Amino acid sequence: MTGIDGIGRTTPARSSVRTARPGSGGFAVPAESSATGHAGATTQTEAVALSSMLTLQEFGGDAAADREACRHGEDMLSTLAELQRALLGGADTVETMQRLAALAAAVPRAADPRLAAMVSAIILRVRVELARRGI
């Protein structure tokens, strides 16, 4: 019967670390760094950071508009659900219908086209409910 002595090589592995010799063509750091090169890199980095901040500010308005449109759409959906519960329970729906009419009248615009399409579909449903009741 044969036995297993271990996993992997049986000979010791050689070290792969090499020592760099001067003039061997490997990576080297210059002994002196010029002050102008460092200042130019700093200015360029600041310009990139400023450009990034301006881009974020530009998209920030779109994100705020999308959040507002999303919140408004959720309000309309919750009011539609409230209307459904009121109709099933036989309760008075006048106040709920007035809220739906107010929500449908003041709809914020969404910057994202997909979100705008969803909000538009919700508004259509609200208007159908309002038309069914003659409001």
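Throughout, a residue's number is its position along its own chain's written sequence, starting from 1. Given that this is a predicted model, residues contribute local features only at a pLDDT of at least 70 and side-chain atom pairs are listed and counted only at 80 or more, while totals for whole chains, interfaces and linings are drawn from all residues. For the side-chain quantities, the full set of heavy atoms in the structure was used; hydrogens and water were omitted.

Colleague: What am I meant to see in the overall build of the protein here?
Modeller: A tally of regular secondary structure across the protein gives three helices and zero strands. The helix count covers DSSP runs of H or I at least four residues long, the strand count covers runs of E at least two residues long, and both are numbered beginning at the N terminus. Starting at the N terminus, the α and β elements of the protein follow one another as α-α-α. Exposed residues in this analysis have more than 50% of their type's maximum accessible area, buried residues have under 20%, and partly exposed residues fall in between, with area computed by a 1.4 Å probe over protein chains only. Sorting the 135 residues of the protein into buried and exposed places 18% on the buried side. Two residues qualify as a contact provided that any one of their heavy atoms is within 4.5 Å of a heavy atom in the partner residue. Within the protein, counting contacts between residues at least 6 apart in sequence, those at least 24 apart form 68% of the total. All accessibility values rest on the Shrake-Rupley procedure with a 1.4 Å probe; residue burial counts only the protein chains present in the view. Total accessible area computed for the protein in this model is approximately 11,200 Å², and 58% of it derives from carbon and sulfur atoms.

Colleague: Please explain the environment of Thr 93 as it appears in this structure.
Modeller: Checked against the element boundaries, Thr 93 lands in the loop between α1 (35-89) and α2 (94-105). As a C-alpha pair, Thr 93 and Leu 83 span 10 residues in sequence and 6.5 Å in three-dimensional space. If we skip the residues at most four places from it in the chain, Thr 93 touches Leu 83, Ala 86 and Leu 87.

Colleague: Whenever I open this one, the pattern of salt bridges confuses me. Can you help?
Modeller: One side chain can pair with another of opposite charge once the charged atoms of both are near each other. Note on definitions: salt bridges are taken to be side-chain nitrogens of Lys or Arg within 4 Å of carboxyl oxygens of Asp or Glu. Evaluation of the coordinates by the stated rule reveals five salt bridges. Bridged by salt links that share partners, the residues Arg 125, Glu 129, Arg 132 and Arg 133 form one connected network.

Colleague: Is there a simple way to think about α2 in this case?
Modeller: An α-helical turn contains 3.6 residues, so a residue and the one three or four places further along point in the same direction. The span expected for a helix works out to 1.5 Å for each residue beyond the first. For α2, spanning 12 residues, the distance from its first C-alpha to its last is 17 Å, which sits close to the expected 16 Å at 1.5 Å a residue. Of all the residues in α2, the buried ones are Thr 96, Met 97, Leu 100, Leu 103 and Ala 104. One side of α2 carries all its buried residues, which in axial view fall inside an arc of 120°. Opposite the packed face of α2, turned more than 90 degrees from it, sit the exposed residues Glu 95, Gln 98, Ala 102 and Ala 105. Regarding the arc, it is the one traced by the directions from the helix axis to the C-beta atoms.

Colleague: Looking at this structure, how should I read the nonpolar core?
Modeller: Within the largest apolar cluster, 15 residues are counted, with the highest numbers of intra-cluster contacts made by Met 76, Leu 100, Val 119, Val 126 and Leu 130. Elements with a minimum of two residues in this core: α1, α2 and α3 (113-132). Looking at this core, the element that brings in the most residues is α3, giving six residues. In contact with Leu 130, not counting residues within four places along its chain, are Met 97, Leu 100, Ala 101, Ala 104 and Ile 135. By convention a nonpolar core is built from buried Ala, Val, Leu, Ile, Met, Phe, Trp, Tyr and Cys residues, the set being connected through side-chain atoms within 4.5 Å.

Colleague: So what exactly am I meant to see when it comes to the confidence of the model for the protein here?
Modeller: Averaged over every residue, the pLDDT of the protein is 76; residues scoring 70 or more account for 55%. Confidence of the prediction at every residue is given by pLDDT, a number between 0 and 100. The lowest-confidence element of the protein is α1, averaging 75 in pLDDT; the highest-confidence one is α3, averaging 92.

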